[in-house]
Structure formats: C-alpha cells, structure tokens
Amino acid sequence: MTTPTYTPTTEEALAALMGDAPAAGAGGAAAGRADSTLTPSSVHSLTILPGHDKRGASEQFSRLTFTAGDVVCVVGATGSGKSRLLADIEWLAQADTPTGRSVLVNGVAPDLSGRYSGGGRMVAQLSQNMNFVMDATVGEFLHLHAESRGVELSSEDLSEIVEGANRLTGEPLSEYRQLTELSGGQSRALMIADTALLSSSPIILIDEIENAGIDRHQAIRLLQGAEKIVLVATHDPSLALTAPRRLVLTNGGISDVRQRTTAEERLAARLTQLDELQADLRAAIRGGEALGRFADDERLP
Amino acid sequence: MKLITVAGPPACGKTAVILKTVLELRRMDVSAGVVKFDCLSTDDDERYARVGIPVQKGLSGSICPDHYFAGNIEETVAWGQQQTVSVLFTESAGLCNRCSPHIRDVMAVAVIDVLSGINAPRKVGPMLRTADVVVVTKGDVVSQAEREVFSSRVHEANPRARILPVNGLNGQGAFELARLLRDEAPEQATVTGSRLRYPMPSAVCSYCLGEQRIGAAHQIGNVTTLNLTTPEIRA
C-alpha cells in the first residue's frame, strides 16, 4: 500500500485555504459524485460468504444472495452483530474484517476503490433516531442532495419525491415546508422517498422504524420498486414477516437463516389487517371523529 | 513508531474516535499512546487512562494552543518512543480554525461532525484541508441524505483526503480507521527538522503579550485594521 501523506508547500496550503485548491490527488475522488442518472444501480445482486462469530464458530450458511427488490429481515439482540454485518457490506469485506466474511457484488469480488469515499455508498441507513438538521426547505434540501451527487433535479423529479413521501404519511408535506418543522412521520416518509428516488446506494437498512406516522408496508414497496435491496432490522412481528427470509444474528455471527413458513404467511396477513385497522383508527382520531363504529370491526382480534 | 496528528473542532468527538481506534489497534496487537493538547482544562486524559492507554496532557494556558503544540511535539515524540508504543496519537482542538497541527510526512487526521452544518467543511480550514484522512462523526443522528451532502462537501474542501465515517459511541468504523492507520501511516523516529504543513498565525501584538486595555494607544506590533464601510441598505 502507498503512503497517502500529502505535503503541500506553504503557497499551496494558502491557496487551498483561500478556496483556490489545486486540482491534485485522486484519493477517494469518487465521493458521491460518480452517478449521472436519478436512480442508478449497478448492483443487481449481493452475496455474502460465511465467516465466523466472536468465538470463532463458523456461520450457519454456505452462501447468501440478495437481489434487487429483495426484502430481508435481520433479527438479534443488541450487540449480536447487526452493525458489523452492515459494516461488512459497506466495506465490501474480503475476509479482512473481524468476522472473516466476504462480500461479492453481482457474483464477483468487487472493486474496492470506493472504500474511503465517505460511507453510505453501499448501504443507506434509516433509523428512528435520525433527524433532519439542515436549515432548509424540503425543496432546497432535495436540490442540495441532488447537487452533492452531481445530478440535476427537474421540477418533475422533485414532485415525484414529495408525492412519494406523501403516499407514506397521513400528514402531507409540501416542498416549501422547512425541514426541521416536519413531524416525525413526515421526516421518516421524506427520508424513505428521498433514499428510494435520489440516493445511489443499492442497499437500504431500515432499523426499528415505528409504525406511527408512516405506512411501513407502503415504504418497503416503494423501495422495492426502486430496485433496492431492503434490509429490515426489526422485532416488530408484522414488519418482520414482510420478508421471506430472516437472518438470525447471535454472538456476532449469522446463526440461522429462517425461511417464512406458510403458517407465518397466514399470520402476516392477519397482522397486516391489524396494522390497517390501527392506521384507520389513527386517521379517525386525527380527524376528530368518534370511534364507536370501529368497536365491532371484523379486523379486531 | 507511527505518529498520527488528530485535530478537529471542540466537541466533535476526537477523544471518542481515538479511544475506539486504540481499542481496535489493541485487538490487532498494536500498542498505542495518546498526548492530549488543550487550552484551559481537560479531563480526557482520565478517559484514556481508565482503559489503560498511556497518556500525557499538555495545557497551553495563556499561549496559542497550536503554537504550544508545535513547541512541544519534538519532546512528545521522544516520550512516545520511551513508552515503546507502536502508534502515538496527538489530539488537539483547532480552537480558532485558523491553524493546523499537521506535519509533512506524518499521518494527519481531521475529525468533524455532521451536526456542525454543511458549510463547516469549508470553514474549518487547514486542519481539514491539509489532512490525509477526514473522519466524520455523529452520522447516526442525521438523515442519509444529509450524510451524503456532508461527505460531498468534505470532498470539495479536501479532494485528496480519505473520508471515513466513525461512530464514536458504538465504534462503527473504528476498525476500518485502525487498519488504515496501521497499514498506511509512515514510521517516525523523530520529528526534529520536520515541517508543519501550514504556517502558524503571523502575530505578535500587544495583546499576545498580555495587554488588556482597548484602544489604538495600547496597540503595538502586528495590528490589522478591519475596513468598516457604510453599506447600501437593500429594500
């Protein structure tokens, strides 16, 4: 490996400080700027080859492949190795991380040149405790995000993202709203629509998103439609059962890969009905309505 | 011994990043020590000592902290050699964003947090612009899009740097940083005769020497006058 140490002259350093940086160096040059279309994905499949857990025991699978549009659930206690699994994917591990796993992209060992390009290149992450902190309107923010990727955002693109977000939340937002004024549900909805339509990451992890405020099933469909590989870290039964496969993490390793059974599919259908009932109840409460008409709702258990 | 200069604005997570990185280095059987530079007070040395990391602290007091750093780095490296650590981190806060402790041919790390705002990478100045590695912290609390925008702003400010997200709380990214430093930081026996990457402020004025009174009559030496003009008020 080469030494990255950079030694500018004082003049170069001063020029750099004045915003007049010399066009030198290639280290990590592709930071989020390489793509030219709105929803590119050169990643059609991702394969994980097994490593070992923290005690050195081999992982219990021979080869795990996710293809674009797949939804995969990830379960396990805190500290069971969820973060490391994602980091292995983000890092495109080649048996060179603490787990010894390897990651293949489209079936072959990937180009590793993007490893230090700033993160979030492979895996976009969304969790309940993420917030918008930028002092900008929704529209300004989406333009900034597009600009950071070197793409032009047309007014149609912008409307598509805003409408995408509005299909997920009960409280519609507009491009003129201030980001930091959005409710939790609106923020989450915009984050998902933005990730689906404007982020170049081929994989998205949804980490314990609460049901309140957004339609999570609709959110997953939006991401699937955008050809993302959707990883869902959750212990919520209704959400967990949307995935045909559940990766079980124990002690830093994948200890089991569970296929959804037909009985679980029936259960999932019932739970989805309950979710829909909850959503209807919430909408009725928000609208100031009486709820008595739901007392004998057939969706109630 | 590998010397690594770590710099970043106050409260951006430097100590947390170094702590997690040293623990990852330890897992790779690479020993590390830390010298913490600060201005008025710090308890960070305690945080390092608590997990058994050899640590020293230096408080600059009434002296410019970056000048203090430059004046002490030679002895700091000698201390690291005595401790027989394989990696020595220096941690310093870039208090006014004007200075940078980075030294030519010494691995230079800048730490910056995403909560500091998207214009921060431009404002932080030479400690980020001349760094080899820029570590971005606190990414776990902002949206994916803001992380992407922030990374691209860091890249604009310093196109040569490797950009690496590290979570100072759970240590995500620290393994990758530790490995980068282990594999790519050059060895240093000494920094005697080395050069800073960026010059320190050219200032010796009456206030540098302890003057407290305001007014032209009390100003001697290197004084720059702000050019205040009458602005046109836009309707």
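The rules behind the values
Residues numbered from 1 in each chain as written. Chains lettered and ligands numbered in written order. Predicted model: local features only at pLDDT ≥ 70, side-chain atom pairs only at ≥ 80, totals over all residues. Helix = DSSP H or I, 4+ residues; strand = E, 2+ residues; numbered from the N terminus. Buried ≥ 20, exposed ≤ 12 C-beta atoms within 10 Å, placed from the backbone. Contact = placed C-beta atoms within 7 Å. Pairing = 2+ DSSP bridges. Axes fitted to C-alpha atoms, helices over the stretch in contact; angles between N-to-C directions. Core = buried A, V, L, I, M, F, W, Y, C linked by C-beta atoms within 7 Å. Parallel < 35°, antiparallel > 145°, perpendicular 65-115°, else oblique. Left-handed = near helix turned anticlockwise from the far one by under 90°. Nonpolar A, V, L, I, M, F, W, Y, C, P; charged D, E, K, R; others polar. pLDDT = per-residue confidence, 0-100. Arc of directions from axis to C-beta.

1. Some thoughts on the overall build of chain A
Within chain A one finds eight helices and nine strands. Burial status across chain A gives 38% buried among its 301 residues. At a minimum sequence separation of 6, the contacts of chain A that also span at least 24 residues come to 69%.

2. With respect to the overall build of chain B
For chain B, the count of helices and strands is seven helices and seven strands. Beginning at the N terminus, the succession of helices and strands in chain B can be written as β-α-β-α-β-α-β-β-α-α-β-α-β-α. C-alpha extents for chain B along the principal axes are approximately 60 × 45 × 30 Å. The contacts of chain B with a sequence gap of at least 6 include a subset with a gap of at least 24, amounting to 72%.

3. Digging into the sheet that holds strand E6 (residues 203-207) of chain A
All names here are of chain A. Across the sheet, which stays open at both edges, the six strands sit in the order E5-E6-E7-E3-E8-E9 with mixed pairing between neighbours. Each edge of the sheet is formed by a strand with only one pairing partner; in this case those strands are strand E5 (123-127) and strand E9 (253-259). Put simply, the sheet's adjacent strands are angled 20 degrees from each other on average, direction ignored. Bridging between strand E3 (residues 71-75) and strand E7 (residues 229-233) involves four bridges; their strand directions are parallel. By the bridge assignment for E7, Cys-73 is matched with Val-232. This element, helix H6 (residues 216-225), spans E3, E6 and E7 of the sheet and lies at about 150 degrees to E7.

4. Re the environment of Phe89(B)
All names here are of chain B. With respect to the secondary-structure elements, Phe-89 resides in strand E4 (residues 87-93). Taking the number of C-beta atoms within 10 Å as the measure of exposure, Phe-89 has 29 and is therefore buried. In contact with Phe-89, other than residues within four places in its own chain, are Ile-4, Val-6, Ile-18, Ala-32 and Val-34.

5. Brief notes about the nonpolar core
Ranked by size, the top nonpolar core spans 129 residues in total, and within it Ile192(A), Ala193(A), Val232(A), Val109(B), Val134(B) and Val135(B) carry the most contacts. Counting residues per element, this core draws most heavily on helix H5 (residues 184-198) of chain A, which supplies eight residues. The residues contacting Val135(B), other than those within four sequence positions of it, are Val17(B), Val109(B), Val111(B), Leu164(B), Val166(B) and Leu177(B).

6. Description of the pairing of E5(A)
All names here are of chain A. For E5, the buried fraction is high: four of the five residues fall into the buried class. Both E5 and E6 contribute to a ladder of five bridges, which runs parallel. Looking across to E6, one finds that Gln-125 is bridged to Leu-205.

7. As for the sheet that holds strand E4 (residues 102-105) of chain A
Residue and element names in this part refer to chain A. With antiparallel pairing, three strands are arranged side by side in an open sheet as E2-E1-E4. Only two strands of the sheet have a single neighbouring strand rather than two, namely strand E2 (64-67) and E4. On average, adjacent strands in this sheet sit at an angle of 20 degrees to one another, irrespective of strand direction.

8. Points about the packing of helix H4 (residues 155-166) of chain A against H5(A)
Relative placement of two packed helices is described by the angle separating their axes and the distance separating the axes. Residue and element names in this part refer to chain A. In the contact formed by H4 and H5, the axes pass within 8 Å of each other and the chain directions differ by 135 degrees. As far as their axial angle goes, H5 and H4 are oblique. Note that H4 runs across H5; the crossing there is right-handed. On the side of H4, the interface is formed by Glu-160, Ile-161, Gly-164 and Ala-165, while H5 contributes Ala-189, Leu-190, Ala-193, Asp-194, Ala-196, Leu-197 and Leu-198. Grouping the amino acids of the contact of H4 with H5 by side-chain chemistry returns eight nonpolar, one polar and two charged.

9. Here we look at the packing of helix H1 (residues 14-27) of chain B against helix H7 (residues 174-184) of chain B
Residue and element names in this part refer to chain B. Between H1 and H7, the shortest axis-to-axis distance is 8 Å and the interhelical angle comes to 65 degrees. In this view, H1 runs roughly perpendicular relative to H7, as classed from their interaxial angle. The crossing of H1 and H7 is right-handed. Counted together, Lys-20, Thr-21, Glu-24 and Leu-25 of H1 and Ala-174, Phe-175, Leu-177, Ala-178 and Arg-182 of H7 form the full contact between these two elements. Across the contact of H1 with H7, the residue classes tally to five nonpolar, one polar and three charged.

10. Quick look at unusual backbone geometry
For Asn106(A), which is not glycine, the phi dihedral falls at a positive 50 degrees. You can see Asn106(A) is positioned in the loop between E4 and E5. A positive phi is found at Ala11(B), a non-glycine position, where the angle reads about 65 degrees. Within the element layout of this structure, Ala11(B) appears in the loop between strand E1 (2-8) and H1. Ala11(B) sits in the exposed class, given 11 other C-beta atoms within 10 Å.

11. Observations concerning the confidence of the model for chain B
In this model, chain B carries an average pLDDT of 92, and 99% of its residues clear a pLDDT of 70 or more. The ipTM, which scores confidence in the relative placement of chains, is 0.81 for this predicted complex, and the corresponding pTM is 0.84.

12. Looking at helix H3 (residues 138-148) of chain A
Residues of H3(A) that are buried: Val138(A), Phe141(A), Leu142(A), His145(A), Ala146(A) and Ser148(A). Mapping the buried residues of H3(A) onto a view down its axis gives an arc of 165 degrees, with all of them on the same face. Taken together, the buried residues of H3(A) touch H4 and H5 of chain A together with helix H6 (144-157) of chain B.

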